[in-house]
Amino acid sequence: MVKNTKVHSLIKQVYYRLNLLNAWEKVKANKGVGGVDGIEIEEFEQSLENNLISIEEELKSDTYQPKPVRRLWIPKPDGGQRPLGIPTIRDRLVQQAIRIRLEPIFDPQFIGSSYGYRQGRSAHQALGDVAVCITKGNRWVVEVDIKGYFDTIDHSKLMGFIARRISDGRVLRLIEKFLQAGVLEEFRLYKTATGTPQGGTLSPLVANIYLDYYDKKMQAQGFRVIRYADDWVIPCRSRQQAQRALELTREIIEQDLGLQLHPEKTRITHIRQGFEFLGYLFKEGYSMYALPTVRAIKAFKQKIRQITRRRRPLKLSEIVRQLNEVIRGWGYYFSLGKVKHLFWRLDCWIRWRIRAFRTKCWAWWRTTIGKRYTSRFIHQTVGLISLYSIKTRRQSASV
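Keep in mind that this is a model prediction, so the values were computed, not measured.

Enquirer: In this structure, what is going on with the packing of aromatic side chains? I would like to understand it.
Expert: For any pair of aromatic rings, the description rests on two quantities: the centre-to-centre distance and the angle between the ring planes. Counted according to the given criterion, the structure contains 15 aromatic pairs. Both rings, one in Y333 and one in F334, keep their centres 4.8 Å apart while their planes meet at 90°; by these two values the pair is edge-to-face. Taking relative accessible area as the criterion, F334 reaches 5% and is therefore assigned buried. A network of ring pairs unites the aromatic residues F275, Y280, F282, F300, W330, Y333, F334 and F343 as a single cluster. In this structure, K301 packs its charged tip against the face of W349, placed 4.8 Å from the ring centre.

Structure below.
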């Protein structure tokens with residue numbers, strides 16, 4: 001059992017030089033572009049020692065002031081856009097330094113079925129947990145979705161949750177500064193009265209801290225919440241139990257935490273009708289199965305189309321390298337499902353895209369080059385990774 005004792009004098013551990021160096025290595029490994037100050041990772045590294053000294057002194061004297069987050073908009077698979085926040089390199093480093101010290105304090109108290117952004121836990125584990133619950137007879141499922149979760153977290157409530165374990169005023173003030181740093185978009189500064197720092201390394205942890213209140217309330221009522229960040233499901237044995245879980249969820253989320261459930265995406269469903277979780281569609285026919293959702297397949301195909309545009313001035317070897325990065329990641333993630341036939345069809349389509357790119361002609365079968373690009377040639381000589389082979393290798397390894 002985790003003791004809920006308060007932690008004092010934490011700021012010294014945050015600005016401890018080895019902790020700052022550790023935070024820097026993590027920031028550097030994550031790469032990314034610079035924030036509103038225009039300083040990139042390479043430029044920051046050139047004056048690393050001076051930057052660390054400056055950060056250390058500002059944290060010691062309680063004068064560190066985060067800069068606003070630079071906001072960009074990136075397209076979504078459904079045609080909309082979602083905001084992308086880019087903090088400065090300095091702010092990323094300090095947030096990472098705070099996170100390194102806070103995680104050992106808060107993470108052990110999180111429930112076992114919370115999987116998002118936690119060391120040693122993964123989306124695959126969450127998916128496996130769902131599958132086990134269904135096979136044990138929990139065939140009714142509550143799907144929960146919060147509207148704009150990361151943008152609507154109440155600052156005062158969040159700081160109250162953090163203050164239950166942290167009594168160091170300088171650390172609390174520093175976190176609050178990051179929450180209120182604002183967003184800069186097209187030279188206009190927007191205040192952030194709610195929400196966590198967009199794109200910040202601290203955001204995933206504080207988001208888990210905020211929802212831990214909900215997790216424990218539901219657990220006390222006998223419900224198993226399987227959660228990955230702000231995406232979760234509640235497996236139940238009957239519709240009546242699912243209805244009770246939804247009512248309790250609505251009460252805690254909307255009344256206690258001040259968030260809003262998405263009216264269309266929050267629902268009760270049966271495994272026969274199917275439900276979506278972490279990009280997978282779970283459904284029952286003759287037996288239970290899982291497939292990538294239509295949205296996930298569309299997003300994957302859109303990436304492939306972007307890479308294989310006919311007019312890209314790149315060699316085929318570079319195109320295949322880029323394709324392999326996407327195929328490897330997507331294929332491994334979705335290889336847990338019943339996807340052999342789907343992966344075979346996608347492999348055929350990707351080979352068609354490569355032939356068309358190579359010949360600069362969608363009617364590639366009419367060309368001499370197109371006829372030479374057989375499936376074996378594309379995979380064995382050109383080096384394209386096969387989705388189908390990813391599935392079969394993973395299946396063989398699990399036997």
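Enquirer: Looking at this structure, I do not really get a nonpolar patch on the surface. What am I missing?
Expert: Together, Y16, L18 and L21 line one region of the surface with nonpolar side chains, adding up to about 290 Å² of accessible area. Position of Y16 among the secondary structure elements: in the loop between α1 (11-15) and α2 (17-30).

Enquirer: Can you walk me through the packing of helix α14 (residues 340-359) against helix α16 (residues 375-382) in this structure?
Expert: Two quantities define a packed helix pair, namely the angle between the axes and the distance from one axis to the other. In the contact formed by α14 and α16, the axes pass within 10 Å of each other and the chain directions differ by 80°. Taken together, the axes of α14 and α16 are roughly perpendicular relative to one another. When α14 is examined against α16, the residues R351, I354 and R355 are found in contact with a partner set consisting of S375, I378 and H379. The class makeup of the residues in the contact of α14 with α16 is two nonpolar, two polar and two charged.

Enquirer: Teacher, can you tell me more about helix α8 (residues 155-163) here?
Expert: Those residues of α8 lying buried are H155, L158, M159, F161 and I162. Taken end-on, α8 shows its buried residues confined to a sector of 155°, consistent with a single buried face. Those residues of α8 that are buried are in contact with α5 (89-106), α9 (169-179) and α10 (203-220).

Enquirer: Would you mind showing me how to read the nonpolar core here?
Expert: Most often, soluble globular proteins have nonpolar side chains that are buried together. In terms of nonpolar packing, the biggest core is built from 66 residues, with I162, I166, Y214 and I234 touching the most fellow members. With nine residues, α5 is the single largest residue contributor to this core. Within the second largest apolar cluster, 44 residues are counted, among which are I319, V339, L384 and I385.

Enquirer: Sorry, what's going on with the pairing of strand β11 (residues 288-292) here?
Expert: Where a strand is regular, its side chains alternate between the two sheet faces. Two elements, strand β10 (residues 280-284) and β11, share five bridges in a ladder whose sense is antiparallel. Residue pairing across strands places F282 opposite A290, the latter belonging to β11. Connecting β10 to the next strand, β11, in antiparallel fashion are three residues.

Enquirer: What is the right way to look at the pattern of salt bridges in this model?
Expert: Two side chains bearing opposite charge may form a pair once their charged atoms approach each other closely. Under the counting rule described, the total for this entry stands at 18 salt bridges. E143 is paired through a salt bridge with R267; the nearest N and O atoms lie 2.7 Å apart. Here E143 is found in strand β3 (residues 140-145), whereas its partner R267 is found in strand β8 (residues 267-270), with 124 residues between them in sequence.

Enquirer: I keep staring at the sheet that holds strand β6 (residues 226-228) and nothing clicks. Help me out?
Expert: Sheets are built from strands that pair by backbone hydrogen bonding, the pairs being arranged parallel or antiparallel. The sheet built from four strands is open, its strands ordered β6-β7-β3-β8 with antiparallel pairing. Each having just a single partner strand, β6 and β8 make up the two edges of the open sheet. Averaged over all pairs of adjacent strands, the angle between strand axes in this sheet comes to 20°, irrespective of strand direction. Bridging between β3 and β8 involves four bridges; their strand directions are antiparallel. Its bridge partner lying in β8, E143 is registered against R267. Lying on the sheet, helix α6 (residues 123-135) is in contact with β6 and β7 (231-236); it crosses β6 at an angle near 160°.

Enquirer: What's the story with empty space enclosed by the protein in this structure? I'm lost.
Expert: Where empty space is left becomes clear once a probe the size of a water molecule has been rolled over the atoms. Inspection of the entire model under this criterion finds three cavities of 30 Å³ or more. Around the largest cavity, the lining residues are V69, F178, L179, A181, G182, V183, T192, T196, P197 and Q198. Classifying every residue of the lining of the largest cavity by side-chain character gives six nonpolar, four polar and no charged.

Enquirer: Can you help me understand α2 in this one?
Expert: In an α-helix, one full turn covers 3.6 residues, which means residues spaced three or four apart are oriented alike. Between its terminal C-alpha atoms α2 stretches 20 Å, which fits the 20 Å expected from 14 residues at 1.5 Å a residue. Residues of α2 that are buried: N19, L20, A23, W24 and V27. All buried residues of α2 fall inside an arc of 140° around its axis, so they share one side. In α2, the exposed positions that point more than 90 degrees away from the buried face belong to L18 and A29. The secondary structure elements touched by the buried residues of α2 are α1, α3 (41-46), α4 (48-60) and α5. Following α2 by one or two positions, K31 has its phi on the positive side, about 60°.

Enquirer: Which parts of the structure should I look at to understand unusual backbone geometry?
Expert: Excluding glycine, a negative phi dihedral is what most residues carry, and trans is how most peptide bonds are arranged. The backbone phi angle of S9 is positive, close to 50°, even though this residue is not glycine. Tracing the chain through its elements places S9 in the segment before α1. Notably, L278 is not glycine yet its phi reads approximately 55°, a positive angle.

Enquirer: Even after reading the chapter, I still don't get the environment of D145, so can you show me in this structure?
Expert: Assignment of secondary structure puts D145 in strand β3. What makes D145 partly exposed here is its relative accessible area of 22%. Taking the C-alpha atoms as reference points, D145 and T266, 121 residues apart in sequence, are found 5.4 Å from one another. Dropping the residues within four chain positions of it, D145 is found in contact with Q260, L261, H262, K265 and T266.

Enquirer: I'm lost on the packing of α8 against α10 in this one. Help?
Expert: Contact geometry for α8 and α10: axes closest at 10 Å, N-to-C directions at 85°. With respect to α10, the axis of α8 lies roughly perpendicular. Here K157, L158, F161 and I162 of α8 come into contact with α10, specifically with V206, I209, Y210 and Y213. Here the contact of α8 with α10 is built from residues that sort into seven nonpolar, no polar and one charged.

Calculation rules
Note that residues are indexed from 1 along each chain, following the sequence as it is written. Totals for whole chains, interfaces and linings use every residue, but because this is a predicted model, local features are given only for residues with pLDDT of at least 70 and side-chain atom pairs only at 80 or more, for both listing and counting. Side-chain measures were taken over the full set of non-hydrogen atoms in the model, leaving aside hydrogen atoms and water. To pair, rings of Phe, Tyr and Trp, with the six-membered ring standing in for Trp, must have centres within 6.5 Å; the planes then decide the type, stacked if under 30 degrees apart, edge-to-face if over 60, and tilted in the middle. Burial classes follow relative accessibility: with a 1.4 Å probe on protein chains only, a residue under 20% of its type's maximum area counts as buried, one over 50% as exposed, and anything between as partly exposed. Both a distance and an angle decide whether a charge sits over a ring: NZ of Lys or CZ of Arg must be within 6 Å of the ring centre and within 35 degrees of the ring normal. Residues enter patches when they are more than 30% accessible in relative terms and free of salt bridges; like-charged ones are connected within 9 Å and nonpolar ones (Val, Leu, Ile, Met, Phe, Trp, Tyr) within 5 Å. Methods summary: accessible areas were calculated by the Shrake-Rupley approach with a probe of 1.4 Å, and residue burial reflects only the protein chains presented. Put simply, a salt bridge is a Lys or Arg side-chain nitrogen that is within 4 Å of an Asp or Glu carboxyl oxygen. Only runs of H or I of at least four residues qualify as helices and only runs of E of at least two qualify as strands under DSSP, and these elements are numbered from the N terminus. To obtain each axis, a line is fitted to C-alpha atoms, and for helices this fit is confined to the stretch in contact; angles are then taken between N-to-C directions over 0 to 180 degrees. Our angle categories are set so that under 35 degrees counts as roughly parallel, over 145 as roughly antiparallel, 65 to 115 as roughly perpendicular, and the remainder as oblique. Working rule for contacts: check all heavy atoms of both residues, and any pair within 4.5 Å makes them a contact. Throughout, the ten residues Ala, Val, Leu, Ile, Met, Phe, Trp, Tyr, Cys and Pro are labelled nonpolar, Asp, Glu, Lys and Arg are labelled charged, and all others, Gly among them, are labelled polar. Think of it as the arc spanned by the lines of direction from the helix axis to the C-beta atoms. Take the buried residues of types Ala, Val, Leu, Ile, Met, Phe, Trp, Tyr and Cys, join any two whose side-chain atoms come within 4.5 Å, and each joined set is a nonpolar core. At least two DSSP bridges between two strands are required for those strands to pair. Lining residues are defined by having an atom within 4 Å of a point belonging to a cavity or pocket. Those points lie on a 1 Å grid over the protein atoms alone, cavities being sets where a 1.4 Å probe fits but cannot get out and pockets being open sets with protein on both sides within 12 Å along at least five of seven lines. Grid points are joined across faces, edges and corners, and a volume is the space filled by probe spheres set on the points. Helices are assigned an expected span. That span is 1.5 Å times one less than the residue count.

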